[in-house]
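# Per-entry structural report
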Amino acid sequence: MLASLDYKLAFDHVNPEVVTQAMAHMGLPLALTQTINTHWQHQTRWLQYKTSTAQEPLCTSMAIPQGDPLSPLSLQILLLAGAHYVETAAPAAHPREQVIYMDDRSWTSTSADTLAQTMSAWHDFSSICGLKESTDKTQVTFYTQQHLELLQQHPYFTNMTEAIVPTACILGSCTKGEEPRNMHEKETARLQAAKAICSRIKFLPTDHQTKIETARVLAISRASYGWVAFTPPPKELQKIDDEVRQCSGAFLGAARHMHNLLLGGTTVMEVVIGVRQVLLYAKRWMTGSLHVSSVLAQQAMTFLAGTGWSLRNTTWKHAASGMEWHLEKFSFPDYKHKVAHLLREGWRRKQWDALCSGSRRDSVIFRNSTYSEKRVTVVRNVARKSTGPQLAILLGSFYSPAAFSKRRDVPQSMSKCPWCNVEMADQEHIFWTCPSRLTTRGPGDDLERRFGWPTGEDLTNLVQMAQSVDAVWQQRHSNLDAPWTRQVYVGAQQRQ
Ligand SMILES: [Zn+2]
């Protein structure tokens, strides 16, 4: 069971006299604490609204100023005193774990008595030092149904049935019990905010890569925060991924798993969240603070198993590739970066498998090729630096004249090769058989034939293919009045 308390305007209810004395008691120099005390007891605040300033200042002697770097320290010291007070006033008869961050206090216990006594002691401490509990933000949560019954039957909690919730939100991270749960409203709000950011990125006049990078920094970092004990349903994750990919309309024709494979390692929610959970799980394992049955461990194991990993003693092994990593090596500096790479690599193989089994015409090409980390890494690096036609080829999102003419709003005549007037010019014709093709040697294999993926370091074919695509696009979008041009013209603009 877990309980969590929150103060109402904590900074505004701290007595400077008390905290500065406590700071001195903790060993800070008197000259400093006395200066701060004088300063905080004579605060003058000028209210400003737009260009106007209030005529009289507000004076206060009973608060610590927000924004002063010493305020958090003094609050921390005050709350430390609170923790000591609680230890003395309510000695835990059963194991209890307290976590305090600023004014946020949470503790767990397997006993409803201990949970209640701790809360009561915190309330006593708060009234002694004049801090106000924000009772409507009090949260009490449980792991099993049995815990819930214990809480419901306990006299201390009978008047606070509203505080007993199936999931508690602590510092933005929401807990999960044994029972399946829905998303917490704060979690939903966070995903919504990320989607809103992506829909604004859509309007930036930049190339696809810059948009994706912007989405990673501004939206994904927000959306992926706090999933320690819970992973959103795949459908919710997919909605975010779609928003990121759709930041630019130019590559919508690409298969989801193809986009994931080449550009998704640090932006697709599933892998970003999964990698974080595994790293945290391993860190906890290393410090001995991991409960194997904990929700975090379950989350991490689910991601690992889902991307082809299995555990033997303390070694995680990836059967399909032979990759492995060891829990006990987590004490080495930078080992986590290595593991993060392996985890993403395992996830990429899963994308590859999805490409093999897809119903797309291209899936046969993947089935007939073996996954090569080396090759995919080369292609990923090329893709990361590519924009416009080159990226469209690598992702398989280029529509040949033949494919493009199948659109309902495009006339049949658009299926012609721009150079030799062959009807129904497909990709094979444009790249490899047209008498006016730009490539000077044949494709090394089917992946190069279809997606321009270089077989080695030589990018000549890809560069020449991109020139052909560019020419096709220019011709396709030369008539700005054409109904299809407005929709796809951003594609041509992507060349910058
Ligand atoms: Zn031709």
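This section reports on the structure supplied with the text. Keep in mind that what you see is a predicted model, and the values were worked out from it rather than measured. (Residues numbered from 1 in each chain as written. Predicted model: local features only at pLDDT ≥ 70, side-chain atom pairs only at ≥ 80, totals over all residues.)

### Focus on the nonpolar core
In summary, soluble globular proteins display a tendency toward joint burial of nonpolar side chains. To keep things clear, this is the line we draw: Buried Ala, Val, Leu, Ile, Met, Phe, Trp, Tyr and Cys residues form a nonpolar core when they are connected through C-beta atoms within 7 Å. The burial label depends on the number of other C-beta atoms within 10 Å of a residue's C-beta. Counts of 20 or more mean buried, 12 or fewer mean exposed, and intermediate counts mean partly exposed, with C-beta atoms placed from the backbone. Helix numbering and strand numbering both begin at the N terminus, where a helix is a DSSP run of H or I of at least 4 residues and a strand a DSSP run of E of at least 2. C-beta atoms are placed from the backbone for every residue, and two residues are taken to be in contact when these atoms lie within 7 Å.
If you look at the biggest cluster of nonpolar residues, it comprises 89 residues, and the most contacted ones within it are Ile-393 and Leu-394. Of the residues forming this core, the biggest block, 8 residues, is contributed by helix 10 (residues 269–286). Aside from chain neighbours lying at most four places away, what touches Ile-393 is Phe-398, Phe-451, Gly-452, Leu-462, Met-465, Ala-466 and Val-469.

### Observations regarding the packing of helix 15 (residues 388–395) against helix 19 (residues 460–476)
How we decide: Here an angle of 0 to 180 degrees is reported between the N-to-C directions of two axes, which are lines fitted to C-alpha atoms, with helices fitted over the stretch in contact. Any angle that is under 35 degrees is reported as roughly parallel, and any over 145 degrees as roughly antiparallel; angles of 65 to 115 degrees are reported as roughly perpendicular and all others as oblique. Think of it as three bins: nonpolar holds Ala, Val, Leu, Ile, Met, Phe, Trp, Tyr, Cys and Pro, charged holds Asp, Glu, Lys and Arg, and polar takes everything else, Gly as well.
In contact at an axis separation of 8 Å, helix 15 and helix 19 are set at 110° when each is read in the N-to-C sense. In this view, helix 15 runs roughly perpendicular relative to helix 19, as classed from their interaxial angle. Here Pro-389, Gln-390, Ala-392 and Ile-393 of helix 15 come into contact with helix 19, specifically with Leu-462, Met-465, Ala-466, Val-469, Asp-470 and Trp-473. Here the contact of helix 15 with helix 19 is built from residues that sort into 8 nonpolar, 1 polar and 1 charged.

### Some details on the sheet that holds strand 14 (residues 315–318)
Under the convention used in this document: Only strands joined by at least two bridges in the DSSP assignment are considered to pair.
Pairing is antiparallel across the open sheet formed by 3 strands, whose spatial order is 13-14-15. Sheet topology places strand 13 (309–312) and strand 15 (324–326) at the edges, where each strand pairs with a single neighbour. The sheet shows a mean angle of 20° between the axes of neighbouring strands, taken without regard to direction. Here strand 14 runs beside strand 15; their pairing, made up of 3 bridges, is antiparallel. Bridged to Lys-317 within strand 15 is Glu-324.

### Quick look at helix 1 (residues 16–25)
Cut-off, in case you're wondering: Throughout, the arc means the angular range of directions from the helix axis out to the C-beta atoms.
If you check which residues of helix 1 are buried, you get Pro-16, Val-19, Thr-20 and Met-23. The arc that holds every buried residue of helix 1, seen down its axis, measures 95°, which confines them to one face. Looking at the buried positions of helix 1, the neighbouring elements they touch are helix 2 (30–41) and helix 3 (70–89). In the segment just after helix 1, Gly-27 is the residue with positive phi, at about 110°.

### Focus on the sheet that holds strand 1 (residues 2–5)
With respect to topology, 4 strands assemble into an open sheet ordered 7-8-1-10, the strand pairing being antiparallel. The open sheet has two free edges, formed respectively by strand 7 (96–101) and strand 10 (139–141), since each of these has just one partner strand. On average, adjacent strands in this sheet sit at an angle of 10° to one another, irrespective of strand direction. Pairing geometry for strand 7 and strand 8 (residues 104–109), over 6 bridges, is antiparallel. Across the sheet, the residue bridging to Val-99 is Ser-106, located in strand 8.

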